[in-house]
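Listed below are the residues making up each chain.
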Amino acid sequence: MPFPSMTLPRLWLTLASCAVAAPLAAQSLTVGKKVARALEQVQPADFKAHVQYLADDKLLGRQPGQPGYQMAVDYVTAQLKSFGVQPAGENGSYVQRVRLRRAFVKPNTRLALRDAQGQSQPLTMGTDYTVYPNPEVPSLPVQAPLVFAGYGISAPELGYDDYQGLDVTGKIVVVVAGAPRPFPSTVAAASQSALTVMRNAVQHGAVGVIIAASKPKAMLSDLKRGAYSVLGTDGKVAASRSYVPGGAFKLLGNVTAATFQRLLAAAAVDTAQAFAALRSGKPASVALRHSLDAAVEARYEELDTYNVVGQLPGADTRLRSEYVVHSAHLDHMGIGAPVKGDSIYNGAHDNATGVASVLEIARTYAKLKGADRPKRSILFVLQTGEELGLLGSAYFAANPTVPKANIVADVNTDMPTIIAPLLSVVPLGAQHSTLDEPVNRAAAYLNLAVEADPEPEQNRFIRSDQFSFVMQGIPALHIKYGNKTADGKNDLAKTVQAWRAVTYHKPQDDMSGTFDFEAGKKYVQLNFLIGYQVANAPQRPTWKSGDFFGGRYGAK
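Residues numbered from 1 in each chain as written. Predicted model: local features only at pLDDT ≥ 70, side-chain atom pairs only at ≥ 80, totals over all residues. Heavy atoms only, no water.

Attention now moves to the packing of helix H2 (residues 33–40) against helix H15 (residues 517–536). Where H2 meets H15, the closest approach of the two axes is 10 Å, and the angle between their N-to-C directions is 150°. In terms of their interaxial angle, H2 and H15 are classed as roughly antiparallel. Across the interface between the two elements, Val35, Leu39 and Glu40 of H2 pack against Lys521, Gln525, Phe528, Leu529 and Tyr532 of H15. Broken down by class, the residue content of the contact of H2 with H15 amounts to 5 nonpolar, 1 polar and 2 charged. (Axes fitted to C-alpha atoms, helices over the stretch in contact; angles between N-to-C directions. Helix = DSSP H or I, 4+ residues; strand = E, 2+ residues; numbered from the N terminus. Parallel < 35°, antiparallel > 145°, perpendicular 65-115°, else oblique. Contact = heavy atoms within 4.5 Å. Nonpolar A, V, L, I, M, F, W, Y, C, P; charged D, E, K, R; others polar.)

As structure tokens, then:
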């Protein structure tokens, strides 16, 4: 249920309080002796062996559609088979095909502003703007008036709507990235994602979105490597981060702060006042005095890549038709620009460690027999295309290989960052559903503290595959490290920030880096215990009453 009468500051305090876990002392979890023994048998050496194989140079960075990624698919498939995990992909296999379309903007693409007097003002690609290729229509003319729609957010449950009183039918909305300061961090992150903004624009009748830079030094999107979408079996776009299929959406682009300022100035809008109003939670939307003339030309390349899907059937005759998902993305960035003489982006931490976690979780489940087996079935999903925009998970969550209504939860693992002992954790997204209860019990069992996110500005809740499940109405979470350290300084986030600056999305994320495989073992144990509790609970997880994500997506 929404909170229509609640002011933004009061709502922020209410939702923020939900992010603080219940005292661990009040939680209790008892597992059978054989389950406890299976947990203790998790071996850091096995975890390390998975990471070593997946991050080896011979896999060339596991880029989807390339031979190295197929080697990763073959490896995890063989591992699941060796544990006794059954196939749950398409046609009795362990895989689900994900057909990618890679689209490039042709050099003859043109954009121009037309002012109120009808004068055309050509814009320069790469200097004034970038535009995404349309993945369904290779040659597309667009002529439409421009409207400034603030952040492009409609959140009436929070008392905020950039579209209130604004007619955008048949128009292109210009927005700035961001969200009002009073928004809770996870809600702010989800609200300002380009996909959410585009979908909201389409729902209001717009035909395009232009995201404007708010700072002069902000860089335009680099689209030299193209933009990826997933094609469905009908050949139409089934998932994309830069396009809204099935409607009138035509164009997504970026413009510089200087171009944006030109638009606002012509409409007599005071930029400083508009930004101040938006930050405080007051919409500043206004019709602009320019229209856009565009001719977007695109070319396409298509390739196949795969999600890997395995299952262990549940033991309960009634509940085995329901599924708990353990997921991680299998892909990384392939070969790219050299850094310090190395051009292979191995992705050891991102996300060979997450895949290793899911494999060892699968091994642990597979050891359980008889009464110790989980009542619900367990799905293990290793997804493709995360680095391309959560595409493999978006396709699987919308088109799963089991009935979607029967998936009760997703426990995702992405880059657990095992560079120090794991003493506390942040369950990203758990506060929005009853998944917080098994998290707290599992953490207490393992003597782990549960903390609020030490880096909410990183927007991690929407940046990994769990959010694809959330957008399908499925409660989901992603366990990250907390701030607790053995020396009592409790500043692990600071250490991770320094490590990330030289490692994240660089060739230096390889086996020569820092690893704590005992921490990897802890992640396996924790994520297993969360999923195991969900699989055995009489009731499936539910969204918290009045929760933003439950209200937005829970009815699907």
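This is not the end of the story, as more comes after the structure.
Moving on: the pattern of salt bridges. Tallied over the full model, the rule gives 16 salt bridges. Arginine 299 is the partner of glutamate 301 in a salt bridge, and the nearest nitrogen-oxygen pair spans 3.4 Å. Through salt bridges with shared partners, one network takes in Arg97, Arg99, Arg101, Glu302 and Asp304. (Salt bridge = Lys/Arg side-chain N within 4 Å of Asp/Glu carboxyl O.)

With that settled, consider the pairing of strand S3 (residues 110–114). Sheet topology places S3 next to strand S14 (residues 286–312); 5 bridges connect them, and they run antiparallel. Its bridge partner being in S14, leucine 113 is matched across the sheet by leucine 292. Bridge count for S3 against strand S4 (residues 120–123) is 4 bridges, and the pairing is antiparallel. Opposite leucine 111, over in S4, you have leucine 123 as the bridge partner. The hairpin turn running from S3 into S4, its antiparallel successor, is 5 residues long, and glycine 118 in that turn takes a positive phi close to 90°. (Pairing = 2+ DSSP bridges.)

Another aspect to go through is the environment of alanine 257. Position of alanine 257 among the secondary structure elements: in helix H7 (residues 257–266). With a relative accessible area of 14%, alanine 257 lands in the buried category. Separated by 128 residues in sequence, alanine 257 and tyrosine 129 have C-alpha atoms that sit 9.9 Å apart. Every residue in contact with alanine 257, bar those within four places of it in the chain, is listed here: Ala213, Ser214, Lys215 and Pro216. (Buried < 20%, exposed > 50% of the residue type's maximum accessible area, 1.4 Å probe, protein only.)

A few words on the packing of helix H3 (residues 44–54) against H15. Orientation of H3 relative to H15, taken along the N-to-C sense of each, is 100°, at an axis distance of 8 Å. It follows from the interaxial angle that H3 and H15 lie roughly perpendicular. The segment H3 lies against H15, with Pro44, Phe47, Lys48 and Val51 engaging Phe517, Glu518, Gly520, Lys521 and Val524. Residue classes in the contact of H3 with H15 are distributed as 5 nonpolar, 1 polar and 3 charged.

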